[in-house]
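Descriptive structure summary
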Amino acid sequence: MKEDFIHYVWLYKKFNFSNLITQQGQPVTIIHSGNYLQNSGPDFFNAQLIIGDQKWAGTVEMHVKSSDWYVHQHETDDQYNNVILHVVWEHDAPIFRKDATEIPVLELKKYVDSEERRRYESLLTPKSWIYCENQIQQVDAFVFSNWQERLFFERLERKSIVIQELLQLTDNDWEAVLFCLLAKNFGLNTNGEAFLKIAQSISFSVIRKESVELTYLEALLFGQANLLPENAEDNYAKELLSWYDYLKIKYKIKQALFEPVEFFKHRPDNFPTIRLAQLCSLYHVQRNLFSKICEENSISTLYKLFDVSVSMYWKTHYNFERESPKKEKKLSKSFIDLLIINTIIPLQFAYAVQHGKENAEPLIQMISQLPAEKNAIIDKFQSFGIPSHNAFQTQSLLQLKKEYCNYKKCLHCSIGIDLIKN
């Protein structure tokens with residue numbers, strides 16, 4: 001038995017609550033079961049109960065065993081002074097408040113139907129990947145659809161935390177935040193954190209000012225990434241190194257000490273050199289980029305904004321001093337899709353929240369136009385009969401797996417609750 005199940009049974013009244021009796025022999029009538037809290041302190045707040053002949057208002061605490069009250073040291077915590085009922089699965093000890101008054105205890109297992117518990121235990125029996133893998137197809141379509149929407153916005157809320165942190169670091173400069181997030185996502189999973197640190201190591205006012213000349217931008221970003229060869233024979237590498245030394249002195253930029261960016265296991269088009277070159281080209285071509293994308297819901301317009309190639313040098317190089325056959329090396333449609341999913345939509349969401357605007361429907365419509373992402377998690381859901389046809393569905397499934405399934409939070413999940421109910 002787990003405490004989550006007791007929370008679920010109490011929250012959804014999945015027990016016979018017509019003739020409740022405390023362990024002290026007093027009848028209990030539930031007027032309001034309380035507001036479910038999922039943080040520190042008692043489990044349910046603002047409950048209203050009649051215990052015996054007395055009406056009570058306060059908090060309700062829950063444990064598997066009564067004695068867990070002492071295991072968690074609630075008797076010394078002032079947050080638990082207003083507990084009016086202790087709901088447990090098994091009563092094994094009397095419980096007292098800090099002032100030595102006894103707390104009424106309700107032993108819940110007497111009132112829960114055995115079939116309710118069987119469904120719960122069936123769901124939580126270990127499976128190969130997730131608990132509901134054999135039953136998830138049975139979930140009501142309306143429930144599943146509504147839950148996907150909630151999961152999508154939960155994922156955006158989680159991504160907004162990073163955006164809020166960057167806003168504080170940049171004095172609320174949305175253009176600077178966009179630059180940092182784009183840098184991170186240009187670096188992909190392998191070099192994302194390194195690219196973010198590179199972007200943060202240069203004031204965006206410098207990027208904004210020097211973006212008129214593509215060479216200057218490349219000098220700054222390649223220099224901060226420690227990618228400029230010191231004893232270069234290549235004329236372009238020498239030029240970038242010279243400009244980097246000058247700009248570093250001009251703007252008092254400290255050369256940051258980062259972990260080396262990774263080339264290993266990357267296809268040449270994903271080399272950090274190429275991704276940095278593309279980022280430089282983007283900011284050379286597009287000025288005031290955030291103002292152009294902050295409320296832009298047209299996918300075709302976004303594709304045009306990000307339709308950039310690399311400088312002439314990088315069309316014939318993947319590394320410094322090593323020439324290769326000429327290739328445009330434009331941002332691919334699939335790469336722009338990732339930027340829209342991981343940068344533009346989260347930024348638009350955070351911007352709307354900060355300005356008190358409602359943009360839920362436009363965001364859903366926009367991300368629903370993007371193709372489904374391809375990864376191991378999405379493939380696994382597909383094998384259980386949950387296909388994805390667009391990025392809205394894949395983003396919600398990623399949130400489901402990473403924030404619910406991985407932590408076995410079935411009783412906080414609409415899918416788990418629906419399966420137990422039915």
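Since this is a predicted model, take the numbers as computed values, not measurements.

1. So, the layout of surface pockets
Approximately 1300 Å³ is the volume attributed to the largest pocket. Lining the largest pocket are 41 residues, with Asn185, Leu188, Asn189, Leu338 and Asn342 sitting closest to its centre. For the lining of the largest pocket, the secondary structure elements donating two or more residues are helix 4 (141-169), helix 5 (174-186), helix 6 (188-200), helix 10 (272-285), helix 14 (333-354) and helix 17 (391-405). Top element by residues in the lining of the largest pocket is helix 14. It accounts for seven residues. Its boundaries defined by the atoms lining it, the second largest pocket holds a volume of some 230 Å³. What lines the second largest pocket is a set of 18 residues, and nearest its centre among them are Ile130, Tyr131, Cys405, Lys408 and Cys410. Taken together, the elements giving at least two residues each to the lining of the second largest pocket come down to helix 17 and helix 18 (414-421). Here the lining of the second largest pocket gets four residues from one element, more than from any other, and that element is helix 17. When grouped by side-chain class, the residues that make up the lining of the second largest pocket number 12 nonpolar, two polar and four charged.

2. What to know about the side chain of His74
Along the chain, His74 falls in the loop between helix 2 (68-71) and strand 6 (83-90). If we ignore the near neighbours within four places in the chain, the residues touching His74 are Glu61, His63, Trp69 and Tyr80.

3. A look at the environment of Glu61
Secondary-structure assignment places Glu61 in strand 5 (residues 54-65). By relative accessible area, Glu61 is classed as buried at 3%. Between the alpha carbons of Glu61 and Leu228 there is a distance of 61 Å; along the sequence they are 167 residues apart. Apart from the residues lying within four places of it in its own chain, the contact partners of Glu61 are Gly41, Pro42, Asp43, Trp69, His74, Tyr80, Val83, Leu85, His86 and Val87.

4. Regarding the pairing of strand 5
Where strand 4 (residues 44-51) meets strand 5, six bridges bridge the pair, whose relative direction is antiparallel. Residue Gln48 lies in a different strand from strand 5, and its bridge partner there is Ala57. Adjacent in sequence and paired antiparallel, strand 4 and strand 5 are bridged by two residues, among which Gly52 carries a positive phi angle near 70°. Here six bridges tie strand 5 to strand 6, and the two strands are oriented parallel to one another. In the strand pairing of strand 6, Val60 is matched with Leu85.

5. Topic: the packing of helix 8 (residues 214-224) against helix 10
As a packed pair, helix 8 and helix 10 sit with axes 9 Å apart at the nearest point and diverge in direction by 140°. Taken together, the axes of helix 8 and helix 10 lie oblique to each other. For the pair helix 8 and helix 10, the sense of crossing is right-handed. Between helix 8 and helix 10, the residues in contact are Leu214, Leu217, Glu218, Leu221 and Phe222 and Thr273, Leu276, Ala277, Leu279, Cys280, Ser281, Tyr283 and His284, respectively. Grouping the amino acids of the contact of helix 8 with helix 10 by side-chain chemistry returns nine nonpolar, three polar and one charged.

Conventions and cut-offs
Residues numbered from 1 in each chain as written. Predicted model: local features only at pLDDT ≥ 70, side-chain atom pairs only at ≥ 80, totals over all residues. Heavy atoms only, no water. 1 Å grid on protein atoms, 1.4 Å probe; cavity = no way out; pocket = protein on both sides within 12 Å on 5 of 7 lines; lining within 4 Å. Points joined across faces, edges and corners; volume = space filled by probe spheres on them. Helix = DSSP H or I, 4+ residues; strand = E, 2+ residues; numbered from the N terminus. Nonpolar A, V, L, I, M, F, W, Y, C, P; charged D, E, K, R; others polar. Contact = heavy atoms within 4.5 Å. Buried < 20%, exposed > 50% of the residue type's maximum accessible area, 1.4 Å probe, protein only. Pairing = 2+ DSSP bridges. Axes fitted to C-alpha atoms, helices over the stretch in contact; angles between N-to-C directions. Parallel < 35°, antiparallel > 145°, perpendicular 65-115°, else oblique. Left-handed = near helix turned anticlockwise from the far one by under 90°.

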